[in-house]
Amino acid sequence: MLGADFFRRWMAATAASVDREAERLTALDSPIGDADHGSNLQRGFKAVVATLEKDAPDTPGAVLTLAGRRLISTVGGASGPLYGTLLRSTGKALGDAAEVSEAQLAEALRAGVDKVMALGGAAPGDKTMIDALVPAVDALGDGFGAARAAAEQGAEATIPLQARKGRASYLGERSIGHQDPGATSSALLVAALAEAAGE
Ligand code: ADP
Ligand code: MG
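A quick note: this is a predicted structure, and the numbers were derived from the prediction, not measured.

*Asks:* Looking at this structure, how should I read a positive patch on the surface?
*Replies:* Together, Arg69, Arg88, Lys92 and Lys115 line one region of the surface with positive charge. By the element assignment, Arg69 lies in helix α3 (residues 60–74). A residue is classified by how much of its surface remains accessible, and Arg69, at 47% relative accessible area, is partly exposed.

*Asks:* I would appreciate a short explanation of the site of ligand 1 in the present structure.
*Replies:* Ligand 1 sits among 20 residues. The nearest are His37, Asn40, Ala78, Ser79 and Asp180. At 2.9 Å from an oxygen atom of ligand 1 is found a side-chain nitrogen or oxygen belonging to Asp34. Look at ligand 1: alone it shows 570 Å² of surface, and the protein chains cover 92% of it. Among the secondary structure elements, those contributing two or more residues to the shell around ligand 1 are α2 (37–55), α4 (79–94) and α8 (181–196). It is α8 that contributes the most residues to the shell around ligand 1, three residues altogether. Split by residue class, the shell around ligand 1 holds six nonpolar, eight polar and six charged.

*Asks:* Looking at this structure, how should I read the nonpolar core?
*Replies:* The nonpolar side chains of a soluble globular protein tend to be buried with one another. With 54 residues, the main nonpolar core has Phe7, Trp10, Met11 and Phe45 as its most contacted residues. Broken down by secondary-structure element, the contributors of at least two residues to this core are α1 (4–28), α2, α3, α4, α5 (102–120), α6 (130–139), α7 (144–156) and α8. Setting aside chain neighbours within four positions, we find Phe7 in contact with Leu2, Pro60, Val63, Leu64, Leu94, Val100 and Leu105.

*Asks:* How do you make sense of the coordination of the magnesium ion (ligand 2) when you look at a structure like this?
*Replies:* Those donors, Asp29 (OD), Asp34 (OD) and Asp36 (OD), are the protein atoms that reach the magnesium ion (ligand 2), and they lie 2.1 to 2.3 Å from it. Taken in chain order, the donor set of the magnesium ion (ligand 2) reads D-x4-D-x1-D. Of the residues examined, Asp34 reaches a relative accessible area of 33% and is grouped as partly exposed.

*Asks:* Just checking my understanding: could you explain α4 for this structure?
*Replies:* Structural remark: α-helix, 3.6 residues per turn; residues separated by three or four positions point the same way. Relative to the 22 Å expected for 16 residues at 1.5 Å per residue, α4 spans 22 Å between its end C-alpha atoms, a close match to the ideal helical length. Buried residues of α4: Ser79, Gly80, Leu82, Tyr83, Gly84, Thr85, Leu86, Leu87, Ser89, Thr90, Gly91 and Leu94, and no others. The positive-phi residue at the C-terminal boundary of α4 is Gly95, with phi of around 70 degrees.

Cut-offs applied
- Residues numbered from 1 in each chain as written.
- Chains lettered and ligands numbered in written order.
- Predicted model: local features only at pLDDT ≥ 70, side-chain atom pairs only at ≥ 80, totals over all residues.
- Heavy atoms only, no water.
- Patch = residues over 30% accessible without salt bridge, like charges linked within 9 Å, V, L, I, M, F, W, Y side chains within 5 Å.
- Areas by Shrake-Rupley, 256 points an atom, 1.4 Å probe, with all protein chains shown as cover.
- Salt bridge = Lys/Arg side-chain N within 4 Å of Asp/Glu carboxyl O.
- Lys, Arg positive; Asp, Glu negative; His and termini not counted.
- Charge placed at Lys NZ, Arg CZ, Asp CG, Glu CD.
- Helix = DSSP H or I, 4+ residues; strand = E, 2+ residues; numbered from the N terminus.
- Buried < 20%, exposed > 50% of the residue type's maximum accessible area, 1.4 Å probe, protein only.
- Near = heavy atom within 4 Å.
- Polar contact = N/O pair within 3.5 Å; in protein donor to acceptor, adjacent residues only side chain to side chain.
- Nonpolar A, V, L, I, M, F, W, Y, C, P; charged D, E, K, R; others polar.
- Core = buried A, V, L, I, M, F, W, Y, C linked by side-chain atoms within 4.5 Å.
- Contact = heavy atoms within 4.5 Å.
- Donors = N, O, S within 2.8 Å, 3.2 Å for Na, K, Ca; no water.
- Expected span 1.5 Å × (residues − 1).

Structure (structure tokens):
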């Protein structure tokens, strides 16, 4: 079973990984965006970790709901409201249980990803974070390691796609040949989940 500690570790591992990879995320956001994805998420997850240390929510649902709210309030770009919605909706779906199973987390994440698709209007294949998140949630039944591999593959698979949502879509065919920054950061988020689980 996974308690609030696990979810705090997940957010801390995400913040550390976003910090390490910030330059790469921003570099990916240069040719097909406005070169701010790394700094956006760095600022957002730093604030998430600070808020979680201060408020110390004690259930999985409360950790993710608070983290999501903080992302929405600190990240101005498209990715802030989208990642914020992902975490907040996943947290809401977990309810107020003190501990949740991996199966419950998989189900809640599915609900969170569905909310992101409803908010942003992106479907798989549109070259967005959805292209890493959907395969990860699909693979979660086989464990955190499988989800991490699926998210990484999903992010790499955005390279030949033409963007149909977000800033990159303004480039039309010129968005082809570049890996999507949001799909790349989603793969970091999923890898941090495996890290929090000790995998
Ligand atoms: P902005 O585009 O406002 O500068 P960021 O650079 O932080 O925001 O994030 C860009 C990423 O957000 C993209 O690489 C893409 O993965 C994701 N994104 C943008 N629009 C959407 C959308 N409508 N649905 C899902 N993801 C999106
Ligand atoms: Mg950007």
